[in-house]
Amino acid sequence: MRRLSDRSTPEDRIVALGLALPQAPSPIATYTTVVREDSLLYVAGHGPWRDGELRYKGTVGNDVDVPTAQLSAELVTLNMLATLKAELGELSKLRRVVKLLVLVACTPEFTEHHVVANGASDLLAKVLGPDVGTHARSAFGVPSLPAGISVEIEGVFAC
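Below is a summary of the structure that appears in this document.

Rules used in this analysis
- Residues numbered from 1 in each chain as written.
- Predicted model: local features only at pLDDT ≥ 70, side-chain atom pairs only at ≥ 80, totals over all residues.
- Heavy atoms only, no water.
- Pairing = 2+ DSSP bridges.
- Helix = DSSP H or I, 4+ residues; strand = E, 2+ residues; numbered from the N terminus.
- Axes fitted to C-alpha atoms, helices over the stretch in contact; angles between N-to-C directions.
- Contact = heavy atoms within 4.5 Å.
- Salt bridge = Lys/Arg side-chain N within 4 Å of Asp/Glu carboxyl O.
- Buried < 20%, exposed > 50% of the residue type's maximum accessible area, 1.4 Å probe, protein only.

Read across the sheet, five strands follow the order β1-β2-β7-β5-β6 without closing on themselves; strand pairing throughout is mixed. Two strands close off the open sheet at either side, each with one partner strand: β1 (34-37) and β6 (136-142). The sheet shows a mean angle of 10° between the axes of neighbouring strands, direction not considered. Here seven bridges tie strand β5 (residues 96-105) to β6, and the two strands are oriented parallel to one another. Residue pairing in the sheet places Leu100 in a bridge with Arg137 of β6. Contacting β1, β2 (40-46), β5 and β7 (151-158), helix α2 (residues 66-88) runs over the sheet at an angle of about 40° to β7.

What follows is the structure in structure tokens.
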């Protein structure tokens, strides 16, 4: 990981973490990926897109382990950031991550939803800084998600 100055941008921090901001994903059904209302951006549920394919499919607690589900949450978050960058032009225009809703496709016995969600929360704090990236959050399990993905995340952001 390369060292950054205090003036580094969120995009610089993504690169320094050894990650890449993907192209903003397109909706897979009849909706839009982001709606702006005054200073709030409502970002629709995103999945773990990489290279035009949804990754990390399966059920957490059965087909997918917690560390892999955290990687899925991180990739979903990168896709959300790509959507926000497409909307705003640059991620430094974000004033605050207000709220995330993290959905985890899991077995009924699974109880580590909050740990999976940390994959998203930790990345946002690293990329945007703790003052902007720390947020309110809900995380819970569902029996299935679109296209068989293991994690879907939606969020509210202030700009």
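For the structure on display, the rule yields three salt bridges. Measuring nitrogen to oxygen at the nearest pair gives 3.2 Å for the salt bridge that ties Lys85 to Glu11. Linking Lys85 in helix α2 with Glu11 in helix α1 (residues 10-16), this pair joins segments that are 74 residues apart in sequence. Classification of Glu11 by relative accessible area gives buried; the value is 17%. Two residues, Asp51 and Arg55, come together in a salt bridge whose shortest N-O distance is 3.9 Å. In this structure Arg55 comes out as partly exposed when scored by relative accessible area, which is 25%.

The values are spatial; any link to function lies outside them.
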